[in-house]
Amino acid sequence: MTQDELKKKVAEAALKYIKDVPVIGVGTGSTTNFFIEMLADYKADIEGAVSSSVGTTERLKKVGIPVLDLNDVGTLEVYIDGADEISPHKHLVKGGGGALTREKIIAAASKKFVCIADGSKCVERLGAFPLPIEVIPMARSYVAREMVKLGGQPVWRENFVTDNHNHILDVRNLDILDPIKMEQTVNNITGVVAVGLFAMRPADIVLVSKGEEIITL
């Protein structure tokens, strides 16, 4: 199967988690985009969705799903999103698309976080994928220097501005032995808006497509 076919297969497997859920959280990324396309067949059963990015909002509206403000919704029953890396403990690295801050907010506000991905995202240890960090623009260089102290090699994602009007640093060569501790450490650097480690609030369920099989972690 091609990678797109694997993504479609795992996106379809996530549909059972939105049964009888009137308002859902929806993430950002190529696998989630296939999930959004499939929601067109379920729009009669969905009152609305909370979106993690401008791009996702546009896609949801295109298939006829109303987009709601999290402030008006409160706690969500379920959040569906992808990942750039997934550990055996369901810790994630996210933010390749730059939507990590809003994704973190929705994940935190959701009772159940269902992560969908193809098998290539599963790793034994996080860190091979550059760790995205959203930073206040004036703090970019300062945060970069602090990440060097932690052993990383930060690279500014030039010509990219987040939906929150901030910058992204992609930090390479981090060997993330303790994801929770690393997340806490980076969060405490002044100027950091959010780090793309989802360890303090990991996924509750991970659906992974490997060939014809869907594996549930």
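Everything quoted here is computed from the prediction, not taken from an experiment.

Draft legend 1. Main features of the packing of helix H1 (residues 3–13) against helix H2 (residues 30–38). The contact between H1 and H2 brings their axes to 8 Å, and the two run at 55°. One finds that H1 runs oblique with respect to H2. Judged by the twist between their axes, the crossing of H1 over H2 is right-handed. Of the residues in H2, those touching H1 at Asp4, Lys7, Lys8, Val10, Ala11 and Glu12 are Ser30, Thr31, Phe34, Phe35 and Met38. A per-class count over the contact of H1 with H2 returns five nonpolar, two polar and four charged.

Draft legend 2. Expanded view of the sheet that holds strand S8 (residues 131–135). Taken in spatial order, the four strands line up as S9-S10-S8-S11 in an open sheet, and their pairing is antiparallel. A single partner strand is all that each edge strand has here, and the edge strands are strand S9 (153–156) and strand S11 (192–195). Between one strand axis and the next, the sheet turns through 30° on average, direction left out of account. Taken together, the three bridges between S8 and S11 define a ladder with antiparallel strand orientation.

Draft legend 3. Seen up close, the pattern of salt bridges. Per the stated rule, a full pass over the model turns up nine salt bridges. Glu183 is paired through a salt bridge with Lys104; the nearest N and O atoms lie 2.7 Å apart. Taken together, the positions of Glu183 in helix H7 (residues 179–187) and Lys104 in helix H5 (residues 100–108) put the pair 79 residues apart, joining distant regions of the chain.

Draft legend 4. Expanded view of the pairing of strand S4 (residues 76–81). Burial analysis of S4 places five of its six residues in the buried class, the great majority of the element. Looking at chain direction, strand S1 (residues 23–26) and S4 are connected through two bridges and run parallel. By the bridge assignment for S4, Val26 is matched with Ile80. Inspection of the sheet shows S4 paired to strand S7 (residues 110–118) by five bridges, in the parallel sense. Its bridge partner lying in S7, Tyr79 is registered against Phe113.

The rules behind the values
Residues numbered from 1 in each chain as written. Predicted model: local features only at pLDDT ≥ 70, side-chain atom pairs only at ≥ 80, totals over all residues. Heavy atoms only, no water. Axes fitted to C-alpha atoms, helices over the stretch in contact; angles between N-to-C directions. Helix = DSSP H or I, 4+ residues; strand = E, 2+ residues; numbered from the N terminus. Parallel < 35°, antiparallel > 145°, perpendicular 65-115°, else oblique. Left-handed = near helix turned anticlockwise from the far one by under 90°. Contact = heavy atoms within 4.5 Å. Nonpolar A, V, L, I, M, F, W, Y, C, P; charged D, E, K, R; others polar. Pairing = 2+ DSSP bridges. Salt bridge = Lys/Arg side-chain N within 4 Å of Asp/Glu carboxyl O. Buried < 20%, exposed > 50% of the residue type's maximum accessible area, 1.4 Å probe, protein only.

Just geometry here; none of it tells us what the structure is for.
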